[in-house]
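The residues making up each chain are set out below.
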Amino acid sequence: MNAFNDSILTLILLVPLAGALLIALLPDRGKLPAWLALITALVTFGFTLHLPAHFIVGQPGFQFEVNRPWIESIGISYHVGVDGLSLWLVVLTGLLAPIGVLASWNAIKERRKIFYALFLVQQTAMVGVFISLDLMVYYGFWELSLIPMAILIAMYGRKDGAKAALKFFLFTFIPSAPLLVAILWLYAHTGTFNFAELQPLIASGALPAGALFWVALAFLFAFAVKVPIFPLHGWLADAFSEAPVALAMVIAGKLGLYSMLRFHVGLFPEQTKQIAPLLIALAVIGILYGAFLALVQRDYWRLVSFGAVSHFSLIVLGIYGLTLIGRDGAIYQTLNQGIMEGALFVLLGVLYSRYESSQIATFGGVAAKLPRAAAFFVITSLAMIGLPMLNGFIGEFLILSSTFTGVSKGWAIVATLSVILGASYALWLVQRLFYGPESPLAAEKPVVDLRINEWIALVPLAVLMLVMGIAPNIWLPSIESSMNQPQTKQTASSPHLALPALAQAVASGKEATR
Amino acid sequence: MNTDLLRILPEVVLVVAGVLVMLIDAALPAAARRRPLGWVAALGTMVALWSSILQLRIEPGTAFFGAVETSPFTVFFHVLICGIVLVALLIALDTLPRDSHHQGEFYALVLFGASGMCLLTGAVELLVVFIALEISSISTYILAGYRKETGKGPEAAIKYFLLGSFATGFLLYGIALLFGATGTTQIYEIAHRAATAQNHTFVVLALMLMLVGIFFKVSAAPFHVWTPDVYEGAPSPVVALLSTAPKAAAFALLLRVLYEMLPDLRSLWMPLVWVVAVASMTIGNLAALRQQNVKRMLAYSSIAHAGYLLVAFTGLGASGIAAATFYTAAYAAMNVGIFAVVTLVSGYDDQLPLIADFRGLLYRSPLLGSLLVFFLISLVGIPFTGGFFGKFYSFSAAVGGGAVWLAIIGLLNSGVASAYYLRLAFTAAQKPEDGAAAPRFAAPQIGAAVIAALLFTVGTTLWLGIAPEPILRAAETAARALQ
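Conventions adopted
Residues numbered from 1 in each chain as written. Chains lettered and ligands numbered in written order. Predicted model: local features only at pLDDT ≥ 70, side-chain atom pairs only at ≥ 80, totals over all residues. Helix = DSSP H or I, 4+ residues; strand = E, 2+ residues; numbered from the N terminus. Rg over C-alpha atoms; globule rule 2.2 N^0.38 Å. Buried ≥ 20, exposed ≤ 12 C-beta atoms within 10 Å, placed from the backbone. Contact = placed C-beta atoms within 7 Å. Nonpolar A, V, L, I, M, F, W, Y, C, P; charged D, E, K, R; others polar. Axes fitted to C-alpha atoms, helices over the stretch in contact; angles between N-to-C directions. Parallel < 35°, antiparallel > 145°, perpendicular 65-115°, else oblique. Left-handed = near helix turned anticlockwise from the far one by under 90°. Domains from an automatic or database assignment. Core = buried A, V, L, I, M, F, W, Y, C linked by C-beta atoms within 7 Å. Pairing = 2+ DSSP bridges.

Quick look at the overall build of chain B
Phase 1 of the analysis: Helix and strand counts for chain B come out as 21 helices and two strands.
Phase 2 of the analysis: Scaling as 2.2 N^0.38, a compact globule of 483 residues should have a C-alpha radius of gyration of about 23 Å, and chain B matches this with 21 Å.
Phase 3 of the analysis: Over its C-alpha atoms, taken along the principal directions, chain B stretches across nearly 75 × 55 × 40 Å.
Phase 4 of the analysis: Here chain B holds 483 residues, and 62% of them are scored as buried.

Describing the overall build of chain A
Phase 1 of the analysis: When helices and strands are tallied, chain A shows 23 helices and two strands.
Phase 2 of the analysis: Its C-alpha radius of gyration of 22 Å places chain A within 12% of the 24 Å reference for a compact globule of 514 residues.
Phase 3 of the analysis: By its C-alpha atoms, chain A is 70 × 55 × 45 Å across when sized along the principal axes.
Phase 4 of the analysis: When each of the 514 residues of chain A is scored for burial, the buried share is 59%.

What to know about the interface of chain A and chain B
Phase 1 of the analysis: On the side of chain B, 33 residues touch chain A, which itself brings 29 residues to the contact.
Phase 2 of the analysis: Secondary structure elements with two or more residues in the side of chain A that touches chain B: helix H5 (135-144), helix H6 (146-156), helix H7 (161-173) and helix H8 (176-190) of chain A.
Phase 3 of the analysis: When grouped by side-chain class, the residues that make up the side of chain A that touches chain B number 23 nonpolar, three polar and three charged.

Observations concerning the packing of helix H15 (residues 300-320) of chain A against helix H18 (residues 391-406) of chain A
Residue and element names in this part refer to chain A.
Phase 1 of the analysis: Contact geometry for H15 and H18: axes closest at 9 Å, N-to-C directions at 50°. Here H18 runs oblique to H15, going by the angle between their axes. Once H15 is placed against H18, the crossing between them reads as left-handed. For the pair H15 and H18, contact is made by Leu 314, Leu 317 and Gly 318 and by Glu 396, Ile 399, Ser 402 and Thr 403, respectively.
Phase 2 of the analysis: Looking at side-chain class alone, the contact of H15 with H18 contains three nonpolar, three polar and one charged residues.

Observations concerning helix H10 (residues 226-233) of chain B
Residue and element names in this part refer to chain B.
Phase 1 of the analysis: Among the eight residues in H10, seven count as buried, and that is most of the element.
Phase 2 of the analysis: Burial in H10 covers these residues: Trp 226, Thr 227, Pro 228, Val 230, Tyr 231, Glu 232 and Gly 233.
Phase 3 of the analysis: Looking at the buried positions of H10, the neighbouring elements they touch are helix H6 (126-144), helix H7 (152-182), helix H11 (236-242) and helix H14 (294-312).

Side note on the domain arrangement of chain A
Residue and element names in this part refer to chain A.
Phase 1 of the analysis: Taken domain by domain, chain A consists of domain 1 (1-267) and domain 2 (276-514).
Phase 2 of the analysis: One C-alpha centre belongs to domain 1, the other to domain 2; they are set 22 Å apart.
Phase 3 of the analysis: Listed as interface residues are 40 residues of domain 1 and, on the opposing side, 47 residues of domain 2.
Phase 4 of the analysis: Taken together, the elements giving at least two residues each to the side of domain 1 that touches domain 2 come down to helix H3 (84-104), helix H11 (236-242), helix H12 (245-251) and helix H13 (254-265).
Phase 5 of the analysis: Here the element with the most residues in the side of domain 1 that touches domain 2 is H3; it accounts for nine residues.
Phase 6 of the analysis: For the side of domain 1 that touches domain 2, the class distribution of residues is 30 nonpolar, eight polar and two charged.

Thoughts on the nonpolar core
Residues and elements named next belong to chain B.
Phase 1 of the analysis: Membership of the largest hydrophobic core comes to 400 residues, with the highest contact counts inside it found for Ile 81, Val 110 and Leu 376.
Phase 2 of the analysis: In terms of residue count, the dominant contributor to this core is helix H15 (residues 317-346) (20 residues).
Phase 3 of the analysis: Non-local contacts of Ile 81, meaning those with residues more than four positions away in its chain, are made with Ala 114, Met 117, Cys 118, Ala 245, Ala 248 and Ala 249.

As for unusual backbone geometry
Residue and element names in this part refer to chain A.
Phase 1 of the analysis: Of note, the bond from Val 227 into Pro 228 is cis; its omega dihedral lies within 30 degrees of zero at -10°.
Phase 2 of the analysis: Residue placement: Pro 228 occurs in the loop between helix H10 (209-226) and H11.
Phase 3 of the analysis: Geometrically, the link from Phe 230 to Pro 231 is a cis peptide bond, its omega value of 0° lying close to zero.
Phase 4 of the analysis: By secondary structure assignment, the location of Pro 231 is in the loop between H10 and H11.
Phase 5 of the analysis: If you check the backbone angles, Arg 111 has positive phi at about 50° while not being a glycine.
Phase 6 of the analysis: Considering the arrangement of structural elements, one finds Arg 111 in the loop between H3 and helix H4 (112-131).
Phase 7 of the analysis: Classification of Arg 111 by C-beta neighbours within 10 Å gives partly exposed; the count is 19.

Overview of H5(A)
All names here are of chain A.
Phase 1 of the analysis: Taken across its 10 residues, H5 has 10 buried, putting it largely inside the fold.
Phase 2 of the analysis: Along H5, the positions that sit buried rather than exposed are Leu 135, Met 136, Val 137, Tyr 138, Tyr 139, Gly 140, Phe 141, Trp 142, Glu 143 and Leu 144.
Phase 3 of the analysis: Residues of H5 that are buried make contact with strand S2 (76-82), H4, H6, H8 and helix H9 (195-203).

Comments concerning the pairing of strand S1 (residues 63-71) of chain A
All names here are of chain A.
Phase 1 of the analysis: Two elements, S1 and S2, share six bridges in a ladder whose sense is antiparallel. Paired with Val 66 across the two strands is Val 80, which belongs to S2.
Phase 2 of the analysis: What sits between S1 and S2 in their antiparallel hairpin is a turn of four residues, with Gly 75 showing a positive phi close to 70°.

Here's the deal with the environment of Ala114(B)
Residues and elements named next belong to chain B.
Phase 1 of the analysis: Here Ala 114 shows up in helix H5 (residues 103-122).
Phase 2 of the analysis: On the neighbour-count criterion, Ala 114 (36 C-beta atoms within 10 Å) is buried.
Phase 3 of the analysis: In this structure, the C-alpha to C-alpha distance between Ala 114 and Pro 246, residues 132 residues apart in sequence, is 8.3 Å.
Phase 4 of the analysis: Leave out the neighbours within four places in its chain, and Ala 114 touches Leu 14, Thr 45, Ile 81, Cys 82, Val 85 and Ala 245.

Topic: the environment of Ile8(B)
All names here are of chain B.
Phase 1 of the analysis: Here Ile 8 shows up in the loop between helix H1 (2-7) and helix H2 (9-27).
Phase 2 of the analysis: Overall, the presence of 21 C-beta atoms within 10 Å leaves Ile 8 in the buried class.
Phase 3 of the analysis: Distance in space between the C-alpha atoms of Ile 8 and Thr 70 is 8.2 Å, their sequence separation being 62 residues.

Written out as structure tokens, the structure is:
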């Protein structure tokens, strides 16, 4: 078992790549690439489940760690490992892969080979981002994750894919230039790319603080664009409108949010404290700005993208409140967001593939034609607006309560407005799409309700929304085991979060204010 | 005398192979197919490549009274240049018009040019440097005008020839001044005398004149104006060669002049290199943004890449040399590769490939489309490709040498560059327009030779991106040999 523990992360990383190669080498015939991709994705997902099964909760530091020299002469090593922060993100990536394949099953009709090969490369890149502990290897996967995404947006864009792809790429690539310089600067001054070695070196204060401020800012900037947070969100709406469903569900959010937690808050605690007030302000602006803009969109892809800006900003608020509970909530909400966006995009993909329109006004009364899709859409929307007993509630509650008790009551109250706004645009969208009088488009097009592949993709997501809402204890203890890091305000006895989360969180909030 | 000949063995092999090709060409009946001559040339290049590796076995040292040197440094560049020439020959084998009667001359000229380039990397006597540069230049002038039936071909050749001769004149003038200042043209002697001299006025003046000539050859701004016109007019297989091999040789010369001949004047030439690097990157990338013609765009891109390479020169000692050396190899692999793809897509013909013509390539021809996208990604500098590690070492050397701003400018430039590379990539990825007329270019014929060339370039680009350790070590050995 031990040998397997050592190689499990490498397997999760390389199996999708091997699948991509296989797809590239075999002929592009019928559904063959899709089947291969599905099998690869399922096998990878199976491997990712090994991680939580053998993860030792409460053990500090990284687990399943591998550290081998790669390019010795410049000190790059293949150093991977997971802790409570990345554990579930890897599993989530593994889960969304087969769902992405199933969601693309009928939507992708030509050049399946290229699509599925690149889709699997994208999986490798994302897993690589989550598990790399060597800054160069991390940067490598970070950049690599842009490529399949951009090419697939260009290839399968709905209207002007090439333009959206270029916008997406430039927005996310140019900020990574300062990031690389910052990494090189750290290397020039410390002689290592290793996260575990850099962390104490930076904490020890041996590096010039003035320069370190800019280095930290370069890291933050790259991540902030990727999330994206206000005012760097310009690329998101176009990318959501053009990207194939399977990629849109992973394009934003978790990569950037994870990187913030690991490589900005985790690596530069002092610099984070300096800049946190700015980020809290931007996050609250983003929450409201995204929600207000979502209210007035006429196109559902754009509506969802501004809704996403609002939701991601809430998570950023949780991260930069710099409280333990906020951090817990941020990680939990990142997972929730991945699941909810996954379901949402599958459903919008269903709508788009049936009606070939994304104008909200052309819909209406679709629920009669697509009753099952409507049911799933309602569940997903309820989870997104944070209905208790569904997963969105837990994350939002943890973040908002930690902000209220640990950061600032004012910001928390303003941010809480987003709950109302979020409910308004989400429920209004449901109403305009699925209910009300039947629109001409819905009346004239004969459509089928959920196909078997869409059904299989949606059920696990819906079940997870419910389970994560009722029993967050399955996840929270392992998430917490990454918490013994120096930058958080509370120390030592990390409050054990369990349901009823309400009572616990309020209690520990009081503890913090004492 | 025996080892003297061994020390120029690759050059000798190339020249002999070139003469052989010309003789066979003359002996063949007029109606005979000339294509096998290409295989003779390729074979000759392979022997030259092998003989340069053999040179590692003899002790590093000079020959012909201190005129030519063999060291790990020269071997690195010999292997690189022979590799480029080999791939360019393979591309030409499948894409030159089959009925052309000038094929013999073409292959012979490529080989003669290659011998000049190889000699240039090994020369440690400035007059030999000049002769080697002329051997390589004259062949490439002719090759640039190889499509003489079109208007663009002769234009390219004449522009290249006139501007090139002018620039070489500067180089020669610099050499003369240096001889006047130090009384010798042997590089080690000059290094010795310049280090002990009191007054550096003439040496600096001479260096600046020489730099004009060398910067012209590597098409660094502001000496770059010939590049787009020549690349546009020359046949694509020739551009694959032209944009890489002579530049590799000229960069070897630049390394030798700056690091071996005048290392003590580092504080004087460093600002010059800094300015030229920034100008090349910025002018190259900004101009490339506006190009509609793929070959012109790639020409400006090669100017920008010369800039990235010059960034490495700000690195300290061995790390700077190693970074520059590595970048030359990485750049050569991806640039030859992309010109191979462009040749296949647009054909040898005089039609000029526009970016719009590439629309839907990934749908029409998934293989070529994927290769195009792959090489473009490497040119952007995405990790796990040679282009990334080239840039990485280059900028890392600069940051290590204290030129943080240069690295930032360089990386921002690579952000700008990604816009035009990816515009092409995404155009190729777009769905072909519905109901549009048939594409201007017929479906490409992909032969065995060009497949070999593509495999070689893709393999090298990936190898340099995933496991660059061996080449990096070779570059470091080469760097130490130069110091």
